[in-house]
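Architecture at a glance
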Amino acid sequence: MERFVIIGAGAAGIKAAERIRKMEDDAQITVISIDDQVHSRCMLHKVLGKERTEKGINFVPENFFEVNKIRFIDTEAVTRVDTKKQEVTLACGAFVPYDKLLLATGSAYVVPPIPHFREAGNVFGFRDLSDARAIQTALDTYGKNVFIVGSGLVGLDAASALTHLGGKVTIAEMADRVMPLQTDAYAASVYQAAFEKAGCKFKLGVSANDSVVDDNGNIIAVQLSNGESIPCDFIIVAAGVRPKVDFLKDSGIEIERGIGVNEFLQTNIPNVYAAGDVTGLSGVWPDAMEQGKTAAMNMCGAVLEYEKPYPFKNTSNFYGITMLSVGKLDDKEEGVKICTHKGKDSYKKAFIKDGKLQSILIQGDISNTGIYLYLIRKQIPLGDLSEKVFNLSFADFYGYNENTGAYEFAG
Ligand SMILES: Cc1cc2nc3c(=O)[nH]c(=O)nc-3n(C[C@H](O)[C@H](O)[C@H](O)COP(=O)(O)OP(=O)(O)OC[C@H]3O[C@@H](n4cnc5c(N)ncnc54)[C@H](O)[C@@H]3O)c2cc1C
């Protein structure tokens, strides 16, 4: 009976476990996780804001492990992987042997090297259920003035939840706009206005570069690069992540941007695969799931390449305003034609290069946007259709042959 061990119970790890069970009825499957329950990080803000229970963000049925005959070792960290003996070591000292191993440990937040940030007791990240619990306690212990470093998706998720709980939130962002990787100036201003209406304050185009601590070593104010000092009760850092690979020291597994993998999601070590955020290939939920599935199939003997993720694909929804952004949104890139459309409740911007759709930003109604993903993925020449880029449908590309790059119609 083959022994499959999966480290990580996030999108990639759970999807992989489910797929292995579908393919191998007899396999022994073990999932190991530091988390004490399966949960969706995308919904973490709902728990922080007390809009959902912890159980309410579990994305598998309660009897998932039982039904699928999967051994779930929760609340336990893997501290070492011995690729020669083919076994992993748990923090409690136990060993778990494997025939095939999947590394799906995601990423960890980075605390920026600002004086006192790495030692203070009142600096938190926002990545796991345990972080959401710690931040809720911090509101009671330290107070309601929260300083958030970074206005990306994670920083804004935390801000929306905290304002919901009556927190007084200030967000510092080095770029000149919120969610700089996913917005342009206009889309950012729409989101910023919605957050300001809810009570958030923004400090844009500045960095936090120093802090003031009290006698207990807790930070009571953050110094900004423009000379301002912002008093605060505690801090949330949302300014970057790194792959969680500390436990792989001396394993022989190669680490590049994340864990190095080939097109089949195999590492340089036989029988060891990796999927999800930890590979550094992408940082979004659907890609992690897809990679978990592909890795699992390859672990079961298939030979399947993973689908290259869309660059910078992201969807968000704050205060009922949805947004989709795919690709690099660089207004200044040479040779790029930009088309924009501002409706009453929607904003659209398309970046076309060499007659092909390169990137898209849509804020407001993001239904029927599959066509744009298709055009970006397949790099289909738009021809005259670029004139009506915001009114396209799949029917416009009927007969297009992806292999020949020509339109072919029967008859
Ligand atoms: C606040 C927040 C909001 C987000 N919102 C969105 C969104 O709206 N849309 C979107 O597409 N993406 C979003 N993301 C990103 C998305 O959550 C990730 O891309 C996705 O969770 C990655 O899945 P994963 O399985 O690779 O890793 P993770 O979900 O991070 O899971 C990693 C697992 O590994 C376990 N683990 C780590 N180290 C060890 C160890 N040493 N031993 C044992 N277990 C270990 C962890 O306990 C965890 O179970 C968000 C992320 C955050 C933090």
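Residues numbered from 1 in each chain as written. Predicted model: local features only at pLDDT ≥ 70, side-chain atom pairs only at ≥ 80, totals over all residues. Heavy atoms only, no water.

Where an unreviewed UniProt entry is consulted, the protein chain appears under the name Nitrite reductase [NAD(P)H], with the organism given as Robinsoniella peoriensis. Under the UniProt heading Cofactor (unreviewed entry), the note attached to the protein chain is "FAD". (UniProt positions renumbered as here; feature names shortened; annotations may be inferred.)

Below, the discussion takes up unusual backbone geometry. Residues other than glycine seldom take positive phi values, yet His 116 does so here, at roughly 80°. Looking at the secondary structure, you find His 116 in the loop between strand E8 (107-109) and strand E9 (123-124). On the basis of relative accessibility, which here comes to 30%, the residue His 116 falls in the partly exposed class. Of note in this structure, Met 179 is not a glycine but carries a positive phi near 40°. (Helix = DSSP H or I, 4+ residues; strand = E, 2+ residues; numbered from the N terminus. Buried < 20%, exposed > 50% of the residue type's maximum accessible area, 1.4 Å probe, protein only.)

The next thing to look at is the site of the ligand. In the vicinity of the ligand there are 32 residues, among which Ala 12, Asp 35, Val 78, Asp 277 and Trp 285 approach most closely. Within the contact set of the ligand, an oxygen atom lies 3.1 Å away from a backbone nitrogen or oxygen of Ala 11. Within the contact set of the ligand, an oxygen atom lies 2.9 Å away from a backbone nitrogen or oxygen of Trp 285. Taken by itself the ligand offers 1000 Å² of open surface, and the protein chains cover 93% of this. Breaking the shell around the ligand down by element, the ones donating at least two residues are helix H1 (11-23), helix H5 (153-164) and helix H7 (285-299). When the residues that make up the shell around the ligand are grouped by side-chain class, the tally is 18 nonpolar, 7 polar and 7 charged. (Near = heavy atom within 4 Å. Polar contact = N/O pair within 3.5 Å; in protein donor to acceptor, adjacent residues only side chain to side chain. Areas by Shrake-Rupley, 256 points an atom, 1.4 Å probe, with all protein chains shown as cover. Nonpolar A, V, L, I, M, F, W, Y, C, P; charged D, E, K, R; others polar.)

In terms of domain boundaries, the protein chain breaks down into domain 1 (3-107 + 242-300), domain 2 (123-239) and domain 3 (313-409). Relative placement of domain 1 and domain 3: their C-alpha centres are 34 Å apart. (Domains from an automatic or database assignment.)

What follows is about the environment of Ala 9. As for its placement among the helices and strands, Ala 9 is situated in the loop between strand E1 (3-7) and H1. For the pair Ala 9 and Thr 137, spaced 128 residues apart in the sequence, the C-alpha separation amounts to 25 Å. Contact partners of Ala 9, with chain neighbours within four places excluded, come to Ile 14, Val 31, Ile 32, Ser 33, Val 38, Phe 59 and Phe 72. (Contact = heavy atoms within 4.5 Å.)

For the rest of this paragraph, the subject is the sheet that holds strand E14 (residues 219-224). Across the sheet, 3 strands lie side by side as E13-E14-E15; this open sheet has antiparallel pairing. The open sheet has two edge strands with one neighbour each: strand E13 (208-213) and strand E15 (229-231). Along the sheet, successive strands turn relative to each other by an average axial angle of 25°, direction set aside. Both E13 and E14 contribute to a ladder of 5 bridges, which runs antiparallel. Bridging across to E14, Val 212 finds its partner in Ala 221. (Pairing = 2+ DSSP bridges. Axes fitted to C-alpha atoms, helices over the stretch in contact; angles between N-to-C directions.)

Next up on the list: the pattern of salt bridges. Tallied over the full model, the rule gives 24 salt bridges. The salt bridge involving Arg 133 is made with Glu 54; its shortest N-O contact spans 2.8 Å. Taken together, the residues Arg 133 in helix H4 (residues 129-141) and Glu 54 in the loop between helix H2 (44-48) and helix H3 (64-67) connect sequence positions 79 residues apart. With relative accessibility at 28%, the residue Arg 133 sits in the partly exposed group. Judged by its relative accessible area of 27%, Glu 54 falls in the partly exposed class. Note that Lys 353 and Glu 333 form a salt bridge whose closest N and O atoms lie 2.9 Å from each other. Of this pair, Lys 353 sits in strand E22 (residues 347-353) while Glu 333 sits in the loop between strand E20 (321-326) and strand E21 (336-342); the two residues are 20 residues apart in sequence, bridging distant segments of the chain. With a relative accessible area of 24%, Lys 353 lands in the partly exposed category. (Salt bridge = Lys/Arg side-chain N within 4 Å of Asp/Glu carboxyl O.)

Glancing now at H4. The end-to-end C-alpha distance of H4 is 18 Å, a good match for the 18 Å that 13 residues give at a rise of 1.5 Å each. Of all the positions in H4, only Leu 129, Asp 131, Ala 132, Ile 135, Gln 136, Ala 138 and Leu 139 are classed as buried. Taken together, the buried residues of H4 touch H2, E8, E9, strand E10 (145-149), H5 and strand E16 (234-237). Where H4 ends, the next residue or the one after it, Gly 143, has phi of about 135°, a positive value. (Expected span 1.5 Å × (residues − 1).)

Attention now goes to the packing of H1 against H7. In contact at an axis separation of 7 Å, H1 and H7 are set at 35° when each is read in the N-to-C sense. When the axes of H1 and H7 are compared, the crossing they make is right-handed. Where H1 approaches H7, its residues Ala 11, Ala 12, Lys 15, Ala 16, Arg 19, Ile 20 and Met 23 are matched on the opposing element by Trp 285, Ala 288, Met 289, Gly 292, Lys 293, Ala 296, Met 297 and Met 299. Class assignment of the residues belonging to the contact of H1 with H7 gives a composition of 11 nonpolar, 1 polar and 3 charged. (Left-handed = near helix turned anticlockwise from the far one by under 90°.)

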